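The primary structure of each chain is shown beneath.
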Amino acid sequence: MSQATHSTSVTSTPAPSAARRRKRILSALEGYLYLAPTLIGLALFVYIPIFTSFRLSLNRIAPFGNRMRFVGFENYVNLLTDSDYWNSVRITLLFVLGTVPTGIFLAVVLAILLSYPVAHLKSLHRTLIFVPVIISSAVAGVLFRWLFHPVVGYLNFWMVQAGFFDSMKDAPNWLASKNWALLAVIIATTWRQLGFNVIIALAGVQNIDETFYDASKVDGAGTLQRLRHITLPLLSPTLFFLLIINVIYSFQAFGEIHVLTEGGPGRATTTLVYSIFYDAFVGTPQRGIASAQAYILAVMVVVMSYINFAVVNRRVHYQ
Amino acid sequence: MKRFATTLTLLLIFMLVFAACAAPVAAPEGDAAATEAPAEEAADAGAADAAADGDVITLEFWHAMSGNLNDLVDELVARFNDSQDGIVVNATYQGSYDDTYNALLAAFDAGGAPNIVQNFDLASQTMIDTGRLVPAWQLMEADGYDASVFVDAVRDYYSDENGMVGMAFNSSTPLVYYNADMLAAAGVEMPEGSMSFSEFKALCDQILAADDAPPYCVTFGQVGWYFEEILANSGGLYFNENNGRTGRPTEVVFNQEQGVEVFSFLTGLISEGYAPNLGNTWTDTDSTFLTQQAAIIFDSTSDVSIIQNSEFQVDTTYIPHSDSSDRNGVVIGGAALWLIDSGDEAVNNAAWQFMKFLAEPAQQITWHTGSGYFPVRKDVQESEEIQTFWAENPNFQTAVDQLFTTPTTLDDGTPNYAVLGGRAGPFPAIRRLIVEAYSRVLNDGLSPQEALDEAAEKANDELANYNAFFE
């Protein structure tokens, strides 16, 4: 971009020969040619769909494809006055609150443990912790479905063996009970995201210069004080990054929900994204309504990110 | 010079990338070949004539059969391709029915629609409303094909007032599978035919009272299908306008007497502890039954894996009906093949040849014995191969009997609309409301009547929204 500005300012200087000017234009063109794959990709898959979906959101689109009825903002009004939709908003927020702080907290604890107390076992532990990341969310979902099964699942079986419950019938019905389903999905999602978080947190922890610790030891700081006054503040840029990434990831979570509960029981795990998917692609597709939901979600994510930057960023210490 | 070479290389790369991108959207070769085929050859046995001229018609066939069913489809397609020279069928697996349908919608917009597409029972009205079909009855009429070869229930399910619209391909119904060893050990005998709800619960009480009884009597997923089927078996309707068979339905009627009795039975099985609450699932029930945690399972006739994977004797019987009714029969489930109008009669006719081929007895026998889906025509019953197969696999016989004994007309001569099955544009969306209604009863403590009323209200909105496209 700056190069383009630069070249126009140069062309305005007195009397460049026509050949030189053509060469300049050509070289600018060449620059855009290099950028073209990205620009075309973005246009095709991001910008054009953004406009198309806004147009779609103002219509009701027939599930059989070839008919559209312009309804203005009726889709938006219907959504915002629909208690099911607000319930999805509530569930999404609960899901984000359930996955993000837990995920980051566990990641930091594990990163610190892996850096210091159990550092000698690091490659084994790191592998074990990172494996979930490379498993697809669908596979993870199926694994958890087996674990959570109320009749033949291992999780309840172990809890009964351990004496927490008298029989399988008393143990939680993870996926079919409204009280447990969201928690079950949160557990599965946190587990799968944990590996990524730990890797990032680990890099952050190991980036902290040893001299800070040496200096604090000289000053007589204990382990907890070092954690509180050195590790955490210096880790804050990493934590901020994790927060942003995890919030976005949680808002977009799909695979685990789809495989584990399909948004059920009832609508107890229907998050905003899952609701968009369901309305747009399943059974009787309603793309107009789904597009309107996508727009509302986009506004929410922008607001969330703004809050993150405006509020949280002030508490971040850069080294 | 060097710069020129780089630019050229980049341009080449773009061209390659764009060629690759464009491929799926471009019209399939079949269309090109088709437009070249002379139109006058189209009328009757166009395919054979075209072959004589050396023109080959390529057909795109999109289906949703995965795993071993996919292999079986490929086998049938290969058999068709080998049987003649004029038509080549290209079968592609497109994912689930939903995936296939979404791909079809996209293809309608962008070009490259297939010639034949498989879509499931509930989508019938939506498929018709696309306005892109060639109805099967038109081709049958032109060909002098007699639709009465098909099993009545199957034929009528996919018919409108003119005749069959889609060609039934993979058809299934629900069935009651039970662990015969377990029942024998409990000293319980399964009665013949369809049980009433109270007979069913009495049987469950006997099973659960035995020593070494399993923790549960029965297991089933909270999918909309069993409600629809048991409602039909009890003679209840789902939609007004005679189940949507004599006009576009404007209201659901599943929250009336029969519907409430059926839904009370199904939710009662779970809340009274006869069945585990497994949520909306097709698979978690299998593991419950196969590990002998439940003696009975409701499942599809096409789920042959239940029998193959069990370490005990599995027998089958008909699905139950309400106390206040007599057994009325089952609605055919599964999916059909829909012929998409290519705009070229020769191509449409070629697609019809393929569909006709799949409905022939030989192919039907391969399909039935390999997949567990029904043979869709009556005369295969007389085949010796099928008779031997049924003798060795009596569970298939039960499934076939349950369907073949389903009357499509009542004693007074009127159509048996309950077993013809509901037809409505937004039926898939309405099915989901029933799934939610289970949770409203089991999690939120609503009565079955309240949950169905709530679902009905939402369902009526869905119907109104859909019908608004036709005002």
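Remember, it's a predicted structure, so these values are computed and weren't measured experimentally. (Residues numbered from 1 in each chain as written. Chains lettered and ligands numbered in written order. Predicted model: local features only at pLDDT ≥ 70, side-chain atom pairs only at ≥ 80, totals over all residues. Heavy atoms only, no water.)

Quick look at the overall build of chain A
Heads up, the condition is: Segments assigned H or I by DSSP are reported as helices when at least four residues long, segments assigned E as strands when at least two residues long, and all are numbered from the N terminus. With C-alpha atoms as the basis for the radius of gyration, the globule rule is written as 2.2 Å multiplied by the number of residues raised to the power 0.38. Only protein chains enter the accessibility calculation, which uses a 1.4 Å probe; a residue is then buried when its area is under 20% of its type maximum, exposed when over 50%, and partly exposed in between. In what follows, residue pairs with any heavy atoms lying within 4.5 Å of each other are defined as contacts. Only four residue types enter the charge count, namely Lys and Arg as positive and Asp and Glu as negative; His and the chain termini do not. One atom stands in for each charge, and that atom is NZ of Lys, CZ of Arg, CG of Asp or CD of Glu.
Looking only at helices and strands, chain A features 13 helices and two strands. A globule of 319 residues ought to have a C-alpha radius of gyration of about 20 Å, yet chain A, at 26 Å, is considerably larger. Seen through its principal axes, chain A has C-alpha atoms that stretch 90 × 70 × 35 Å. When each of the 319 residues of chain A is scored for burial, the buried share is 42%. Within chain A, contacts between residues at least 6 apart in sequence are counted, and of these 63% link residues at least 24 apart. Computed over 23 positive and 13 negative side-chain charges, the separation of the two mean positions in chain A equals 13 Å.

Quick look at the packing of helix H6 (residues 137-148) of chain A against helix H8 (residues 178-207) of chain A
Residue and element names in this part refer to chain A. Applied cut-off: Lines fitted to C-alpha atoms define the axes here, with helix axes fitted over just the stretch in contact, and angles between the N-to-C directions of these axes take values from 0 to 180 degrees. These descriptions rest on fixed angle ranges, namely under 35 degrees for roughly parallel, over 145 for roughly antiparallel, 65 to 115 for roughly perpendicular, and the rest for oblique. By the definition used in this description, the sense in which the near helix is turned from the far one sets the handedness, with an anticlockwise turn below a right angle giving left-handed and a clockwise turn giving right-handed. Note that Gly is not counted as nonpolar here; it falls among the polar residues with everything else outside the nonpolar set of Ala, Val, Leu, Ile, Met, Phe, Trp, Tyr, Cys and Pro and the charged set of Asp, Glu, Lys and Arg.
Running from N to C, H6 and H8 cross one another at 135°; their axes reach a closest spacing of 10 Å. Taken as axis vectors, H6 and H8 run oblique relative to one another. Crossing of H6 over H8 shows right-handed handedness. Packed against H6, whose contacting residues are Ser137, Ala140, Phe144 and Phe148, the element H8 presents Ala184, Ile187, Ala188, Trp191 and Arg192 at the interface. Class assignment of the residues belonging to the contact of H6 with H8 gives a composition of seven nonpolar, one polar and one charged.

With respect to the packing of aromatic side chains
Using the following cut-off: Pairing of aromatic side chains requires ring centres within 6.5 Å, counting the rings of Phe and Tyr and the six-membered ring of Trp. Pairs whose planes differ by under 30 degrees are stacked, by over 60 edge-to-face, and all others tilted. Placement of a charge over a ring requires the Lys NZ or Arg CZ to be within 6 Å of the ring centre, with the centre-to-atom vector within 35 degrees of the ring normal.
Taken as a whole, this structure holds 47 aromatic pairs over all chains when the rule is applied. Aromatic pair Phe144 of chain A and Phe148 of chain A: ring centres 5.5 Å apart, planes at 35°, arrangement tilted. One end of the pair, Phe144 of chain A, and the other, Phe148 of chain A, are both in helix H6, four residues apart, so they sit about a helical turn from each other. Each member of the pair Phe144 of chain A and Phe148 of chain A is classed as buried. The interplanar angle of 45° and the centroid separation of 5.0 Å between the aromatic rings of Phe389 of chain B and Phe396 of chain B together place this pair among those described as tilted. An identical accessibility class is assigned to Phe389 of chain B and Phe396 of chain B; each is buried. Here the aromatic cluster, defined as three or more aromatic residues joined through ring pairs, consists of Phe197, Phe200, Phe220, Trp225, Tyr226, Phe265, Trp282 and Phe298 of chain B. The ring centre of Tyr216 of chain B lies 4.6 Å from the NZ or CZ of Lys169 of chain A, which sits over that ring. A cation over an aromatic ring shows up here: Arg432 of chain B above the ring of Tyr278 of chain A, its NZ or CZ 3.7 Å from the ring centre.

Focus: the sheet that holds strand S3 (residues 116-120) of chain B
All names here are of chain B. Test applied: Only strands that DSSP links by at least two bridges are regarded as paired with each other.
Strands sit in the order S2-S1-S3-S11-S6 across an open sheet of five strands; the sheet is mixed. Edge positions in the sheet fall to strand S2 (87-93) and strand S6 (167-172), since each has one partner strand and no second. Across the sheet, the axes of successive neighbouring strands diverge by a mean angle of 20°, strand direction being ignored. Together, strand S1 (57-63), S3, S6 and strand S11 (333-339) form the strand contacts of helix H5 (residues 97-110), whose direction differs from that of S3 by roughly 135°.

Here's the deal with the domain arrangement of chain A
Frequently, the measure chosen for interface size is the accessible area that the parts lose on association. All names here are of chain A. Rule in force here: In this entry, domain limits derive from an automatic or database-based domain assignment. Only one rule defines a salt bridge in this text: a Lys or Arg side-chain nitrogen within 4 Å of an Asp or Glu carboxyl oxygen. What qualifies as a polar contact is a pair of N or O atoms within 3.5 Å, subject to a donor-acceptor requirement within protein and to the restriction that residues adjacent in sequence count only when both atoms come from side chains.
Once the domains are mapped, chain A shows domain 1 (2-57) and domain 2 (81-315). Between domain 1 and domain 2, the residue contacts involve five residues of the former and four residues of the latter. Here domain 1 and domain 2 share zero salt bridges between them. One can count one residue pair in polar contact (both at pLDDT 80 or more) joining domain 1 with domain 2. Here the residues of the side of domain 1 that touches domain 2 are counted per class, giving three nonpolar, two polar and no charged.

A short note on the nonpolar core
Short version of the rule: The set of buried Ala, Val, Leu, Ile, Met, Phe, Trp, Tyr and Cys residues whose side-chain atoms join them within 4.5 Å is what this entry labels a nonpolar core.
Counting 144 residues, the largest nonpolar core has Val218, Phe220, Phe227, Phe254, Ile296 and Phe298 of chain B as its most contacted members. Broken down by element, the residue count for this core peaks at nine residues, all from helix H16 (residues 345-358) of chain B. Counting contributing residues, this core receives three or more from each of domain 1 (53-171 + 331-418) and domain 2 (174-329 + 426-470) of chain B. Not counting chain neighbours up to four residues away, the residues in contact with Phe298 of chain B comprise Leu175, Val176, Phe200, Val218, Thr219, Phe220, Tyr226, Ile230, Leu266, Leu269 and Pro320 of chain B. Val100, Ala107, Leu242 and Ile276 of chain A belong to the second-largest nonpolar core, a separate cluster that totals 33 residues.

Quick notes on the interface of chain B and chain A
Formally: Here the quantity called buried area is the total loss of accessible area, with a 1.4 Å probe, experienced by two parts when brought into contact, counted for both.
Taken together, the contact pairs 47 residues of chain B with 41 residues of chain A. Summing the contributions of chain B and of chain A, the shared interface buries around 3,700 Å²; its carbon and sulfur component is 54%. Two residues, Arg145 of chain A and Asp284 of chain B, come together in a salt bridge whose shortest N-O distance is 3.1 Å. At the junction of chain B with chain A, the criterion picks out 18 residue pairs in polar contact (both at pLDDT 80 or more).

Side note on the state of the cysteines
Residue and element names in this part refer to chain B. Heads up, the condition is: Sulfur atoms of two cysteines make up a disulfide when they are within 2.5 Å.
Tallying each qualifying case throughout the model produces one disulfide over all chains. Disulfide partner of Cys204: Cys217, at an S-S distance of 2.0 Å. Given an S-S torsion of about -70°, the disulfide between Cys204 and Cys217 has left-handed geometry. With Cys204 in helix H10 (residues 197-209) and Cys217 in strand S8 (residues 216-219), the pair connects residues that are 13 residues apart, well separated along the chain. Overall, the relative accessible area of 0% leaves Cys204 in the buried class. Given the relative accessible area of 0%, Cys217 is considered buried.

Comments concerning the sheet that holds S8 of chain B
All names here are of chain B. Strand order in the open sheet formed by four strands is S8-S9-S7-S10, with mixed pairing between adjacent strands. Edge positions in the sheet fall to S8 and strand S10 (314-317), since each has one partner strand and no second. The average undirected angle you get between the axes of adjacent strands in this sheet is 25°.

A few points about the pairing of S2 of chain B
All names here are of chain B. Cut-off, in case you're wondering: With the strands pointing away from the viewer, any crossover whose connection runs clockwise from the first strand over the helix to the second is right-handed.
Where S1 meets S2, seven bridges bridge the pair, whose relative direction is parallel. Of the residues in S2, the one forming a bridge with Leu59 is Val89. Viewed along the sheet, the connection from S1 through helix H4 (residues 67-83) into S2 turns out right-handed.

Remarks on unusual backbone geometry
All names here are of chain B. The phi angle at Asp212 is positive, at roughly 55°, despite the residue not being glycine. Considering the arrangement of structural elements, one finds Asp212 in the loop between H10 and S8. Despite not being glycine, Asn242 has its phi angle at roughly 50°, a positive value. The topology assignment puts Asn242 in helix H12 (residues 240-244). Judged by relative accessible area, which is 31%, Asn242 ranks as partly exposed.

With respect to the domain arrangement of chain B
All names here are of chain B. Looking at the assigned domains, one finds that chain B contains domain 1 (53-171 + 331-418) and domain 2 (174-329 + 426-470). Distance from the C-alpha centre of domain 1 to the C-alpha centre of domain 2: 27 Å. At the junction of the two partners, domain 1 supplies 27 residues and domain 2 supplies 32 residues. Both sides together, the interface formed by domain 1 and domain 2 hides about 2,400 Å², and carbon and sulfur atoms give 51% of it. Interface area lost by domain 1 to domain 2 is led by Leu122, Gln402 and Tyr417, which between them contribute 29%. Remark: the boundary between domain 1 and domain 2 carries one salt bridge. Here domain 1 is connected to domain 2 by 14 residue pairs in polar contact (both at pLDDT 80 or more). Those elements giving two or more residues to the side of domain 1 that touches domain 2 turn out to be helix H6 (124-129), helix H8 (152-157), helix H19 (394-404) and helix H20 (417-420). Looking at the side of domain 1 that touches domain 2, the element that brings in the most residues is H19, giving six residues.

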